[in-house]
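Read off the chains here:
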Amino acid sequence: MKLTKSYHHRTLGNHPLHPETLMMSYGYDPKFSEGAIKAPLFQTSTFVFENAAAGKSFFELAYGKRQRGPAEDPGMIYSRINNPDLEILEDRLTLWDDAQDGLVFSSGMAAITTSLLSFLRPGDVVMHSEPIYGGSDFLLHKILPQFGIHYVGFPADASGDEIEARMRQAEDMGPVRVIYLETPANPTNKLADIAACATVRDAALARTGTRAVIMVDNTYLGPLWQHPLKHGADIVLYSLTKYVGGHSDVIAGAALGSAELITLVRGFRTILGTMCDPHTGWLLMRSLETLSLRMTRAADNARVVADRLGRHPKVTAVHALDRLDPKSAQGQLFARQCNGAAGSTFSFEIAGGEAEAFRFLDSLTLIKLAVSLGGTESLASHPATMTHSDLSPENLLRTGITPALIRLSIGIENPADLLVDLEQALAKV
Ligand SMILES: *Cc1c(COP(=O)(O)O)cnc(C)c1O
């Protein structure tokens, strides 16, 4: 939505307002809805035009037949194209990442798929960090190749020189149109260096004339603690199902970036029909109001849990970002690229293998055995046999997803209760 109206003010006098504050008001004027303090749910498929000329003009904009005027709002047409709940939500989402524009989707995978299809054509190559979310891995390795789109992976914690070397190999296969990163990587918490990828992209542009679009799946630490656009990324992707939704009750996704790139993706979303529905959009607006509170509490809880696990004799390793050696390459990258907090999803390795991991998971009572993450309640899962079971055994081991690896997503419970549950489950192993 064009940001010219009074309800798009982001300052109080000269004071810039913070996203936490703006989540309650930004992009919405109560005067349009009988004074309702909250944006109503616009549960409607279509919108009535005031006259035929207005309908014509709205469609000209929606299909990119003319440029939008400086103070012109795109008119509402049809909820696959636009809807007030989605537009207000999109405006609010852009604030955290300081993005020019954003789009919401029916799932994180819808955001990822639609964004990738907007830029990739047969013969193109995607370079991607490893490991990545199981669904994204399936898309890049099994679905896009059916359309003649190739992939080249590199370890998430690769150095700039290593990424550069992979880029040159990838260029032999075809134009590298997208560099796709997930950082921290699910489920190992390995960090990928966004700025290093931007340097590689710029060098490749000078060498080959092809500018790769850098996309970053920011589901784990964003939108609070990592802002990929500031480090040279072009598009930030979210599974809003996780922290942003935050209550394990909706599936949704988002893509944010420059107005130019997002306009392109918007065209694909309109035709692929991957937008989110108004009710989900409305629920996500409610979630955004408490996002910072929830993420902060969950991260505080996660630190307590990770510290306790780190001292437990039946735990051999804890992969939490705030436990990185600050002098290591990953520790330095964490300091450079993230805003302090380590988030609340991390993994640890239990002494033993799958049998011990399963015994532990089956013994938890408060912490639920479920995939997903970022909700108010704590969850535990076994990546090697669940979210990442589609990876080959070699890929699992190469990317550190061992049979002993357990992923935790810590919620906002009282941390003392979480510790008791973990202790009793570990005692049964
Ligand atoms: C869950 C998740 C996705 C996929 O999101 P959906 O909303 O389930 O489609 C993508 N990336 C990461 C890192 C995720 O955790």
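Residues numbered from 1 in each chain as written. Predicted model: local features only at pLDDT ≥ 70, side-chain atom pairs only at ≥ 80, totals over all residues. Heavy atoms only, no water.

### Considering the overall build of the protein
Consideration 1: Summing up its helical and strand segments, the protein has 14 helices and 14 strands in all.
Consideration 2: Against the 2.2 N^0.38 benchmark of 22 Å for 429 residues, the protein shows a C-alpha radius of gyration of 22 Å, consistent with a compact globule.
Consideration 3: C-alpha extents for the protein along the principal axes are approximately 70 × 55 × 40 Å.
Consideration 4: Put simply, of all contacts in the protein between residues at least 6 apart along the chain, 73% involve residues at least 24 apart. (Helix = DSSP H or I, 4+ residues; strand = E, 2+ residues; numbered from the N terminus. Rg over C-alpha atoms; globule rule 2.2 N^0.38 Å. Contact = heavy atoms within 4.5 Å.)

### Observations regarding the site of the ligand
Consideration 1: Around the ligand sit 13 residues in total, of which Gly-108, Met-109, Asp-217, Thr-241 and Lys-242 are the nearest.
Consideration 2: Between an oxygen atom of the ligand and a side-chain N or O atom of Lys-242, the distance comes to 2.7 Å.
Consideration 3: A total of three residues in the shell around the ligand trace back to one element, the largest contributor, which is helix H4 (residues 108-119).
Consideration 4: Of the residues that constitute the shell around the ligand, the class distribution is five nonpolar, five polar and three charged. (Near = heavy atom within 4 Å. Polar contact = N/O pair within 3.5 Å; in protein donor to acceptor, adjacent residues only side chain to side chain. Nonpolar A, V, L, I, M, F, W, Y, C, P; charged D, E, K, R; others polar.)

### Topic: empty space enclosed by the protein
Consideration 1: Per the stated rule, a full pass over the model turns up three cavities of 30 Å³ or more.
Consideration 2: Approximately 50 Å³ is the volume attributed to the largest cavity.
Consideration 3: As for the largest cavity, its lining consists of His-128, Ser-129, Glu-130, Pro-131, Ile-132, Asp-137, Leu-391, Asn-395, Arg-398 and Thr-399.
Consideration 4: Mapped onto the lining of the largest cavity, the elements with two or more residues apiece are strand E4 (125-130) and helix H13 (393-398). (1 Å grid on protein atoms, 1.4 Å probe; cavity = no way out; pocket = protein on both sides within 12 Å on 5 of 7 lines; lining within 4 Å. Points joined across faces, edges and corners; volume = space filled by probe spheres on them.)

### Things to note about the packing of H4 against helix H8 (residues 259-272)
Consideration 1: The interhelical angle for the contact between H4 and H8, taken along N-to-C directions, is 115°, at an axis separation of 9 Å. When the axis of H4 is compared with that of H8, the two are roughly perpendicular. Considering how the two elements wind past one another, H4 and H8 form a crossing that is right-handed. On H8, the residues touching Thr-114, Ser-115, Leu-117, Ser-118 and Phe-119 of H4 are Leu-261, Leu-264, Val-265, Phe-268, Arg-269 and Leu-272. (Axes fitted to C-alpha atoms, helices over the stretch in contact; angles between N-to-C directions. Parallel < 35°, antiparallel > 145°, perpendicular 65-115°, else oblique. Left-handed = near helix turned anticlockwise from the far one by under 90°.)

### A look at the domain arrangement of the protein
Consideration 1: Once the domains are mapped, the protein shows domain 1 (87-283) and domain 2 (291-427).
Consideration 2: Listed by partner, the interface residues are 38 residues for domain 1 and 41 residues for domain 2.
Consideration 3: Carbon and sulfur atoms make up 57% of the area that domain 1 and domain 2 hide from each other, which totals about 3,300 Å².
Consideration 4: Ranking the residues of domain 1 by area buried against domain 2 places Leu-191, Trp-225 and Tyr-243 at the top, with a combined share of 25%.
Consideration 5: Between domain 1 and domain 2 we count three salt bridges in total.
Consideration 6: Residue Arg-398 pairs with Glu-130 through a salt bridge whose shortest N-O separation is 3.1 Å.
Consideration 7: For the pair domain 1 and domain 2, the number of links is 23 residue pairs in polar contact (both at pLDDT 80 or more). (Domains from an automatic or database assignment. Buried area = accessible area lost by both parts, 1.4 Å probe. Salt bridge = Lys/Arg side-chain N within 4 Å of Asp/Glu carboxyl O.)

### Focus: the sheet that holds strand E8 (residues 235-239)
Consideration 1: Pairing in this open sheet of seven strands is mixed, and the strands run E3-E9-E8-E7-E6-E4-E5 from one edge to the other. Looking at the sheet topology across the chains shown, the edges are occupied by strand E3 (101-105) and strand E5 (150-155). Averaged over all pairs of adjacent strands, the angle between strand axes in this sheet comes to 20°, irrespective of strand direction.
Consideration 2: Pairing analysis gives five bridges linking strand E6 (residues 176-182) to strand E7 (residues 213-217), with the strands arranged parallel. Among the inter-strand pairings, Glu-182 is bridged to a residue of E7, identified as Asp-217. (Pairing = 2+ DSSP bridges.)

### Notes on the environment of Lys-190
Consideration 1: Here Lys-190 shows up in the loop between E6 and helix H7 (194-208).
Consideration 2: The spatial distance from the C-alpha of Lys-190 to the C-alpha of Asp-29 is 42 Å, given a sequence separation of 161 residues.

### Observations regarding helix H3 (residues 84-97)
Count 3.6 residues to each turn of an α-helix, and residues three or four apart come out pointing the same way.
Consideration 1: Taking 1.5 Å as the rise per residue, H3 with 14 residues should run 20 Å; its terminal C-alpha atoms sit 21 Å apart, in good agreement.
Consideration 2: With 14 of 14 residues buried, H3 lies mostly within the body of the structure.
Consideration 3: If you check the start of H3, you find a side-chain oxygen 2.9 Å away from the backbone N of Asp-85, and it comes from Asn-83.
Consideration 4: Of the residues flanking the end of H3, it is Asp-98, one or two places downstream, whose phi is positive at about 55°. (Expected span 1.5 Å × (residues − 1). Buried < 20%, exposed > 50% of the residue type's maximum accessible area, 1.4 Å probe, protein only.)

### So, a nonpolar patch on the surface
Consideration 1: Judged by side-chain polarity, Phe-49, Phe-59, Tyr-63 and Ile-271 come together as a nonpolar surface patch covering roughly 390 Å² of accessible area.
Consideration 2: Along the polypeptide, Phe-49 turns up in the loop between helix H1 (19-22) and helix H2 (52-62). (Patch = residues over 30% accessible without salt bridge, like charges linked within 9 Å, V, L, I, M, F, W, Y side chains within 5 Å. Areas by Shrake-Rupley, 256 points an atom, 1.4 Å probe, with all protein chains shown as cover.)

### Digging into H2
Consideration 1: Among the residues of H2, Ala-54, Gly-55 and Leu-61 are the ones counted as buried. Down the axis of H2, the buried side of the element spans an arc of 125°, and every buried residue falls inside it. Residues of H2 that are exposed and point over 90 degrees away from its buried face: Ala-52, Ala-53 and Lys-56.
Consideration 2: Count one or two residues on from H2 and you reach Gly-64, which has phi positive near 65°. (Arc of directions from axis to C-beta.)

### Remarks on the pairing of strand E14 (residues 405-409)
Consideration 1: Across the five residues of E14, five count as buried, placing the element largely inside the fold.
Consideration 2: The pairing of strand E11 (residues 345-350) with E14 spans five bridges and is classified as antiparallel. The residue bridging Ser-347 from the neighbouring strand is Arg-407, located in E14.
Consideration 3: Looking at chain direction, strand E13 (residues 379-381) and E14 are connected through three bridges and run antiparallel. The residue bridging Ala-380 from the neighbouring strand is Leu-408, located in E14.

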